[in-house]
Amino acid sequence: MNNHVDAILTTAREAVAAASLPLATARGWNADVLEQAVTDAGVDLPLAARAFPRGLDDLVLEIDARWDRKMEFGLAERNLDEVRYRDQVALAINIRFASMEAHREAVKAAIAYHTLPVHAADGARALARTADSVWRSLDDRSMDFNFYTKRATLAAVLAATTLVWTRDPKGNEWPGFLNRRLTDAVRMRKARIYLHEAATDIIRRRSIM
């Protein structure tokens, strides 16, 4: 029964989210957009209330999750066996941006929505979810210290690159910006690994003296 209900709610969320994008592209994210999207999607109000218990806040989060799912599906269709890890991450971000391209103004409005202090926690949660989605899509399931450092680093890269992407519709700047940030991240990660190994070696040596 629960699985059936979950499926109904998922379908409702997806339908309302799809209907909301052209509206938000023209009008930004507001309560009227949610109301109109529910009507356009043919979802009844009680079901919509269950699908989006916090109203517009949940709809904007659902939109962000939509890009994550499209990225995951896009990566699943690629053969990444011969692609180095850094380029796999770049590909994931490229796929996500490509899925957002047709709704650039809605994305910009969602970013603005999440920069408001009252919505900042949701924005941080969405960013963390995207970073986690990238790593898990690339089959990285580490649960050690790297779990947090890699996701935090990627979240910072994503946030900065997305801002550049929003003002670069011709794609003249953001691909190079992304590549530089990923290169910096790899260097930082190598430095952290070196320092960690050096510290571990010092501790080991002291323990046997």
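Note: the structure precedes this text.
Calculation criteria
- Residues numbered from 1 in each chain as written.
- Predicted model: local features only at pLDDT ≥ 70, side-chain atom pairs only at ≥ 80, totals over all residues.
- Heavy atoms only, no water.
- Helix = DSSP H or I, 4+ residues; strand = E, 2+ residues; numbered from the N terminus.
- Buried < 20%, exposed > 50% of the residue type's maximum accessible area, 1.4 Å probe, protein only.
- Contact = heavy atoms within 4.5 Å.
- Areas by Shrake-Rupley, 256 points an atom, 1.4 Å probe, with all protein chains shown as cover.
- Expected span 1.5 Å × (residues − 1).
- Salt bridge = Lys/Arg side-chain N within 4 Å of Asp/Glu carboxyl O.
- Axes fitted to C-alpha atoms, helices over the stretch in contact; angles between N-to-C directions.
- Parallel < 35°, antiparallel > 145°, perpendicular 65-115°, else oblique.
- Left-handed = near helix turned anticlockwise from the far one by under 90°.
- Nonpolar A, V, L, I, M, F, W, Y, C, P; charged D, E, K, R; others polar.
- Phe/Tyr/Trp six-rings, centres within 6.5 Å; stacked < 30°, edge-to-face > 60°.
- Lys NZ or Arg CZ within 6 Å of the ring centre and 35° of its normal.
- 1 Å grid on protein atoms, 1.4 Å probe; cavity = no way out; pocket = protein on both sides within 12 Å on 5 of 7 lines; lining within 4 Å.
- Points joined across faces, edges and corners; volume = space filled by probe spheres on them.

Draft legend 1. Quick peek at the overall build of the chain. Counting secondary structure elements, the chain contains nine helices and zero strands. Counting from the amino terminus, helix and strand elements in the chain follow one another as α-α-α-α-α-α-α-α-α. Burial statistics for the chain: of 209 residues in total, 44% are counted as buried. Contacts in the chain between residues far apart in sequence, at least 24 positions, make up 68% of those at least 6 positions apart. In the form shown here, the chain has an accessible surface area of approximately 12100 Å², with 58% of it arising from carbon and sulfur atoms.

Draft legend 2. Representation of helix α5 (residues 85-100) within the structure. Over its 16 residues, α5 runs 23 Å from end to end, which matches the ideal 22 Å to within 8%, given 1.5 Å per residue. The buried count for α5 comes to twelve of 16 residues, which makes it a mostly enclosed element. R86, Q88, V89, A90, L91, A92, I93, I95, R96, F97, S99 and M100 are the residues of α5 that are buried.

Draft legend 3. Summary view of the pattern of salt bridges. With the rule as written, the count across this model stands at 15 salt bridges. Here R69 and E62 are joined by a salt bridge, their closest N and O atoms 2.8 Å apart. On the basis of relative accessible area, E62 is assigned to the buried category, the value being 11%. Here D132 makes a salt bridge to R136, at a shortest N to O gap of 2.9 Å. One end of the pair, D132, and the other, R136, are both in helix α7 (residues 120-137), four residues apart, so they sit about a helical turn from each other. For R136, a relative accessible area of 30% gives the class partly exposed. Among the charged side chains, a network of salt bridges with common partners joins R54, D58, D122 and R125.

Draft legend 4. Region of the structure containing the packing of helix α4 (residues 56-76) against helix α6 (residues 104-115). Two elements in contact, α4 and α6, have axes separated by 11 Å at closest approach and are oriented at 130°. Relative to α6, α4 is oriented oblique. At the point where α4 passes α6, the crossing takes the left-handed sense. Across from L56, D57, V60, L61 and W67 in α4, the residues of α6 making contact are V107, A110, Y113 and H114. In terms of residue class, the contact of α4 with α6 is made up of seven nonpolar, one polar and one charged.

Draft legend 5. Structural context of the packing of aromatic side chains. In total, this model carries three aromatic pairs according to the counting rule given. Where Y85 meets W135, the ring centres are 5.7 Å apart and the plane angle is 35°; that geometry is what we call tilted. In this pair, Y85 sits in helix α5 while W135 sits in helix α7, placing the two residues 50 residues apart along the sequence. The class for W135 is buried, based on a relative accessible area of 9%. When the ring of F97 is compared with that of W165, the centres are 5.2 Å apart and the planes differ by 20°; the resulting orientation is stacked. Separated by 68 residues along the polypeptide, F97 in helix α5 and W165 in helix α8 (residues 145-166) bring together distant segments of the chain. The pair F97 / W165 is uniform in exposure class, with both members buried. Through successive ring pairs, a cluster of aromatic residues spans F97, W165 and W174. Taking NZ or CZ as reference, R181 lies 4.7 Å from the ring centre of F177, over its face.

Draft legend 6. Focus on the layout of surface pockets. Here the largest pocket defines a volume of roughly 450 Å³. If you go around the largest pocket, you meet 21 residues; those closest to its centre are D64, I111, G123, L127 and T162. Those elements that provide at least two residues to the lining of the largest pocket are α4, α5, α6, α7 and α8. By residue number, the principal contributor to the lining of the largest pocket is α7, which donates six residues.

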